[in-house]
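# Examining the three-dimensional arrangement
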Amino acid sequence: MSEQTDETDVMRRPCGTWEYHLQLLERDPGYRERFLAAEAFINRYVAENADAAFRLSPAVVPVVVHVVYNTAAQNLSDAAIQNQIDALNRDYGKTNADLSTAPTAFSALAADTGIRFQLAARDPSCQLTTGITRTQTATASFDIFNTDDVKSAATGGADPWPRDKYLNIWVCPAQSGQGGRGTFPGSSAATDGVIVNYTVFGPGAAPYDRGRITVHEVGHYFQLFHVFQGGCADNDQCGDTPAQAAANFGSPGFPHVSCNNGPNGDMFVNYMDYTNDAPRVMFTVDQAARMQATLAGPRSYLLASDGAVPPLAVEAGKLWSADTPRDTAAEPDPLAEPMWQSEDIWVRNQNDGFTNQDHQNPVHRPAGSQPNYVYVRVRNAACGTPASGTVKLYWAKASSALAWPAPWDGTVTTPALMGGLIGTQPTGAVPGRGSTVLEFPWSPPDPADYSMFGGDQNHFCLLSRIETAAAAPYGMTFPETSNLYGNVQNNNKIVWKNVEVATSGHFDLPGFVTVGNLTDTEREVLFAVHAPSLGGERPWGHVELEVPDELATKLRHAHLDPTVASFEEDTLRIHKLDKLIGPVKVDAGQYYTLGVQVVADTNAPPFGLFLIDVQQYERRDRHDVLVGGQRVAFKVLPPKRGGKKPPLGRWWHSHEEDQADMQVFRPEGYEFPVSHGRWGLELREDHTAVVLDIGAADGVDRVDGSWWTDHDDRIHIGMGDPERGDLALRIHSADDESLTLRRTRIALEE
């Protein structure tokens, strides 16, 4: 039973995730293997991807809420459930207004996780749904910390929906003092998901009245640990959360110092602590990176889910790809979002795109070298009928003026070859409600051929078309015209990627976009700047465009509205976003490359993902028609911090020794708490090791050591001063389940 603190209604142990996890480790070897495999993938992914926390578009996770109630008061309303979904989106999107209540030392580390949540629109039977099920039960209260009874109709609860398409959340009456419990990705399909006491859901009763018990448990679902994990041994695997001795409860004062973590102390404002709802207001960058790594690996199936897509009126197989993460396959696509950002096309510089689905800028390599790889996801919106077709993948020199079929068909060859076909592949039979990912090797053109585009010469974009018929309209719902944007918006078999990624540790990095005229006649061109991540009505920064002299002259003659944009010397400063600038007359075949930069004004976030779209319009018969656009995705990385770094691995001594004097260590997660041995090793990225001495009475000692390699690249870990010839441990063997070390002495030359 959970205890209470002296503060009224504060739960002493609001979360049962970790204790239940320990039970599973002991009794289920299969769970242990899956957990270790997931943790190994996540740690490797984060180590290899410095920008892991900054996903180009938020992943939308379909949610089903199973309301299991004994009394009418426990049968929460649809509005209460939507309130909880809204709370998840605020907190995971870093749009919660109460972030301002956190100490600046911590709020400066807060991150948007790149994950959003939406109640399901189709159920497992492919019927329209609200994403809510309701089950009355004879059970007065469930022991949600020690049983999974609420997850099965046979034991008084509700059966889960398929976990590869939905995040299952059960809301029920729970025993006194129990808040919620989540599952790590290694859990079985029958029990995977989150349980929450109805009293703290939607958003709940004070002091848990902001929905943050659910926010906390969903964090576990994405493989987050408590910020107090391991006490001062500090093994939550996140380098930007300070070590803290134990959980915090209630509403602590700042600073609350433990583990010598002054001057700022414990990060009790983190969602993964145990405080009341009001103090908990943030996730960190490293936590966001772990969640995105979980989406890339152990829970990658959610990226292909159609749970948020309403069912079709007809059952016939229907292939499609998504324009945006919130695309529901409707034709025309009603979303007012840029259509050139599809997450169903991505480039990887090596063939790892089946696991890493974040887009990279294509890289030109000499002939005969390794190609880049383009990945295209093809979905089937039908419920049960397989469908097949052919995917044609095209490239084009990026600009906001692209049309159809030129330049994609290779017919535009001035000022250089402006596009062409990358390849054609059959989809195979894509099952109903299923998807497939196709891989296309691609060697991009030499950017030197596009020197006339200045800083934009390296940027290329992609177009995928699913054709299900051999003749026009090729299976498209709406006949295609020369307006590429209209074709993409009208037909869900056509998707487009025109995104340049700019990654740096500071704001003053430039991006580039090209506006122009691909037609053979003069056009009146306008453009607008879209930048939703600058803060809405009260932006914290502004966009500046470096404009070529010829275009600058035309813009000055166009009598710009000074409240929308104005020139400051050679720079066009944007004062109002989403407002048209122009028109200017652009000759046939004329291009202008603009430098794009975000300039921080006041209270700018120190890091994050900032998206800038330059949208091009053409004036036709007194109407301004959107023809296309380019996106620059600025990934501004947080500064490298001193102190704690994410460990390459932490291993606990298990006292398994053999006659050869080997020392066996088990990896983090194998057994918690450590019950066989008190020694631990932590390998770190800065070429050091920390030796951990876990003593029941003594707390934790962290002994700095060093590790180095000899000529055959075997790693030695020194436990002491290597220059004094002290004891060392040599790694004899290592895999995902154990680290075997041989004790040796360091022989020093005189």
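Residues numbered from 1 in each chain as written. Predicted model: local features only at pLDDT ≥ 70, side-chain atom pairs only at ≥ 80, totals over all residues. Heavy atoms only, no water.

## A few points about helix α2 (residues 29–48)
Helix length check: α2 (20 residues) gives 29 Å between terminal C-alpha atoms against 28 Å at 1.5 Å per residue, within 8%. The complete set of buried residues in α2 reads Y31, R32, F35, L36, A38, E39, F41, I42 and Y45. Where α2 starts, the residue carrying a side-chain oxygen 3.0 Å from the main-chain nitrogen of G30 turns out to be D28. (Helix = DSSP H or I, 4+ residues; strand = E, 2+ residues; numbered from the N terminus. Expected span 1.5 Å × (residues − 1). Buried < 20%, exposed > 50% of the residue type's maximum accessible area, 1.4 Å probe, protein only. Polar contact = N/O pair within 3.5 Å; in protein donor to acceptor, adjacent residues only side chain to side chain.)

## A closer look at the packing of helix α1 (residues 17–27) against α2
At a closest axis distance of 5 Å, the pairing of α1 and α2 adopts a crossing angle of 115 degrees. Regarding α1 and α2, the two cross each other, and that crossing is left-handed. Mapping the contact onto sequence places H21, L24, L25, E26 and R27 in α1 and P29, Y31, R32 and F35 in α2. (Axes fitted to C-alpha atoms, helices over the stretch in contact; angles between N-to-C directions. Left-handed = near helix turned anticlockwise from the far one by under 90°. Contact = heavy atoms within 4.5 Å.)

## Points about the layout of surface pockets
In this structure, the second largest pocket spans a volume of roughly 910 Å³. Along the wall of the second largest pocket there are 35 residues; nearest its centre are P58, D112, R116, S533 and L611. Among the elements that take part in the lining of the second largest pocket, strand β23 (residues 608–620) stands out by supplying four residues, more than any other. A breakdown of the residues in the lining of the second largest pocket according to their chemical character gives 16 nonpolar, ten polar and nine charged. (1 Å grid on protein atoms, 1.4 Å probe; cavity = no way out; pocket = protein on both sides within 12 Å on 5 of 7 lines; lining within 4 Å. Points joined across faces, edges and corners; volume = space filled by probe spheres on them. Nonpolar A, V, L, I, M, F, W, Y, C, P; charged D, E, K, R; others polar.)

## Structural notes on the pattern of salt bridges
A side chain with one charge may pair with a side chain of the opposite charge, provided their charged atoms come close. One pass over the full model with this rule turns up 33 salt bridges. R348 is the partner of D352 in a salt bridge, and the nearest nitrogen-oxygen pair spans 2.9 Å. The partner of E480 in a salt bridge is R465, with the nearest N and O atoms 2.3 Å apart. Taken together, the positions of E480 in the loop between β13 (460–467) and α7 (484–490) and R465 in strand β13 put the pair 15 residues apart, joining distant regions of the chain. (Salt bridge = Lys/Arg side-chain N within 4 Å of Asp/Glu carboxyl O.)

## Points about unusual backbone geometry
Cis geometry is found at the peptide bond from F254 to P255, where omega equals -5 degrees. Considering the arrangement of structural elements, one finds P255 in the loop between α5 (212–221) and α6 (285–296). With an omega of 5 degrees, the peptide bond between W404 and P405 qualifies as cis. With respect to the secondary-structure elements, P405 resides in the loop between β10 (390–397) and β11 (419–426). Of note, the phi angle at Y474 is positive, near 65 degrees, even though the residue is not glycine. Of note, Y474 is situated in the loop between β13 and α7.

## Details of the state of the cysteines
On inspection of all chains with the given rule, the structure shows two disulfides. A disulfide bridge connects C126 with C383, and the sulfur atoms are separated by 1.5 Å. Its S-S torsion of approximately -75 degrees makes the covalent link between C126 and C383 left-handed. Residue C126 is located in the loop between β2 (115–119) and β3 (132–136), and its partner C383 is located in the loop between β9 (372–380) and β10; the two are separated by 257 residues in the primary sequence. C126 gets classed as buried once you look at its relative accessible area, which sits at 7%. Two residues, C232 and C259, share a disulfide whose sulfurs are 1.9 Å apart. When the S-S torsion is -85 degrees, as for the bridge of C232 with C259, the disulfide is left-handed. (Disulfide = S-S within 2.5 Å.)

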